[in-house]
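Secondary and tertiary structure notes
Listed below are the residues making up each chain.
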Amino acid sequence: MKVIERPSLAALNTFGISASAGLLMEIETEEDVLSLPSFRPDRDFILGGGSNILFLSDVPGVVYLNRIGGMEILDETPEYVLAEAGAGENWHRLVRWTLKRGLSGLENLSLIPGLTGAAPIQNIGAYGVELSSVLQSVTAWDWEQAAWITFSEKECHFAYRDSRFKSAEPDRYLITSIRLRLARIFSPKLAYQGLIEELSNHNITEPTATDVSEAVIRLRRRKLPDTAKIGNAGSFFKNPVIDRDEADPLLLSHPDLPAWPDQGDRIKLSAAWMIEHCGLKGMRDGDAGVSDKHALVLVNHGSARGSDIAALAHKVHTTVFEEFGIELEPEPRLVDYR
Ligand code: FAD
Ligand code: EPU
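Residues numbered from 1 in each chain as written. Chains lettered and ligands numbered in written order. Predicted model: local features only at pLDDT ≥ 70, side-chain atom pairs only at ≥ 80, totals over all residues. Heavy atoms only, no water.

1. What to know about unusual backbone geometry
For the record, the criterion: Only runs of H or I of at least four residues qualify as helices and only runs of E of at least two qualify as strands under DSSP, and these elements are numbered from the N terminus.
Positive phi, close to 45°, is recorded for Arg6, a residue that is not glycine. The residue Arg6 is located in the loop between strand 1 (2-5) and strand 2 (21-27) in this model.

2. Here we look at the site of ligand 1
In plain terms, the rule: The criterion for a residue being near a molecule or strand is simple. One of its heavy atoms has to lie within 4 Å of it. We define a polar contact as two N or O atoms separated by no more than 3.5 Å, with the added condition that, inside protein, one atom must be a possible hydrogen donor and the other a possible acceptor, whereas residues neighbouring each other in sequence contribute only through side-chain atom pairs. Gly falls in the polar group here, along with every residue not listed as nonpolar (Ala, Val, Leu, Ile, Met, Phe, Trp, Tyr, Cys, Pro) or charged (Asp, Glu, Lys, Arg).
Among the 32 residues in the neighbourhood of ligand 1, the closest are listed as Ile46, Gly49, Ser51, Gly125 and Arg220. Separating a nitrogen atom of ligand 1 from a side-chain N or O atom of Asn66 is a distance of 3.4 Å. Measuring from an oxygen atom of ligand 1, one finds a side-chain N or O atom of Gln122 at 3.0 Å. Sorting the residues of the shell around ligand 1 by element identifies strand 3 (45-47), strand 8 (125-126), strand 12 (173-183) and strand 13 (231-235) as the ones contributing at least two each. Class assignment for the residues of the shell around ligand 1 results in 15 nonpolar, 14 polar and three charged.

3. As for the packing of helix 4 (residues 193-201) against helix 5 (residues 209-223)
This is how it is decided: Comment: axis = line fitted to C-alpha atoms, over the contacting stretch for helices; angle = value between 0 and 180 degrees taken between N-to-C directions. Every angle not falling under 35 degrees, over 145, or within 65 to 115 is termed oblique; those three ranges are roughly parallel, roughly antiparallel and roughly perpendicular. The contact criterion used throughout is that any non-hydrogen atoms of two residues lie within 4.5 Å.
Here helix 4 crosses helix 5 at 110°, and the two axes come no closer than 10 Å. Taken together, helix 4 and helix 5 sit at an angle that is classed as roughly perpendicular. Across from Gly194, Leu195, Glu198 and Leu199 in helix 4, the residues of helix 5 making contact are Asp211, Val212, Ala215, Val216, Arg218, Leu219 and Arg222. Among the residues forming the contact of helix 4 with helix 5, the class breakdown is six nonpolar, one polar and four charged.

4. Focus on the pairing of strand 12
Rule in force here: For every residue, the accessible area obtained with a 1.4 Å probe (protein chains only) is divided by the maximum for its type, and the residue is called buried under 20%, exposed over 50%, and partly exposed between those limits. Pairs of strands are assigned from DSSP output, requiring at least two bridges between the strands.
Within strand 12, nine of the 11 residues are buried, leaving the element largely enclosed by the surrounding structure. When strand 7 (residues 80-86) meets strand 12, the two strands line up antiparallel, connected through seven bridges. Note on strand 12: the bridge partner recorded for Glu84 is Arg179. By the bridge criterion, seven bridges tie strand 10 (residues 135-142) to strand 12 in an arrangement that is antiparallel. Its bridge partner lying in strand 12, Thr139 is registered against Ser177.

This is the structure we're talking about:
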């Protein structure tokens, strides 16, 4: 296990925020986990690819970097394959590994940044598919009980951008591997309107899983700012989900506001549209900005601090609330030990 004292965390978060930690421990195997000191939530932090966090302070204790690798097929039937991946594998590398083997289920989730172990934390989702639709189980180290535990898909309590690991019991578990149930027979998931358009622009009417993956990659490259060029953590806010009774008057006064039916009688609204409608797309306060490419993405133009991004997020939140009466909730984890 690699251990570094007083590491800089600037290159380890896609916002590119300067922060440091007391110690960094790189976990490479499940045996490493057994020799770790006990986790102190008031001082320590688990880090994956750093693509869904905002550092508001330094981490006074240990940053645990999960680098446990491995991708393998455990079981197969003529229709399905059970595959396992280590938490430290790059997510998109795993997607490509499955597609190469003729396995489908992850194609709509292509090119999401970060590591496999973080995918269940917020039940990653994109282009009409969520991880929960293919996830079989999650294996984790329970810091509280000092024991291994395996959660079935149901036990993960997945919801839109949420799971038990994110909201109910943050920091209790170190995820070490996940199991996925992938299909040998491809059935395309094309509910996201722009995806069908993207395929038909390439004259594809009967797509393969690889066609869908490539279409998603093109859409993502076109729509989202590139973290290699400008610091960001993807969508900074979740799309608000509200009761139909509350949505009806809002949609009457704003008929162009994109809205989708959600579970029960609930409606999901486009936060990006509301932010753009408030005139905030592309605005900048010092080095903290709202992306001019996508209004839901906050960006670091250079040397913004975490508090600069948080102040801008507060401004966006307040402006949208004043205009629409809707409270936007942040999607990334705000890391703050002050
Ligand atoms: P990190 O940011 O390192 O960590 C996120 C959280 O998970 C933290 O609370 C951390 O403590 C915890 N964590 C990480 N690893 C573990 C582990 N092994 N065990 C326990 N806890 C852990 N997300 C989507 O859902 N859909 C998208 O389409 C999408 N697009 C994005 C586009 C861009 C350009 C960017 C920058 C981000 C995007 N995201 C998207 C957000 C992000 O990529 C995902 O949430 C991703 O799963 C985060 O992975 P990570 O390894 O970077 O996690
Ligand atoms: N829109 C605007 N202005 C913009 C961008 C978008 O008005 O600058 C409107 C458009 O009308 C568009 C609608 O918003 O039709 C939806 O936009 P988009 O399809 O880009 O999706 P999103 O709702 O903004 C969500 C996820 C993304 C995911 C995409 C694709 C959340 C919070 N975000 O974004 O996830 O990749 O759908 O499925 O649910 C992330 O979580 O970090 C993330 C990038």
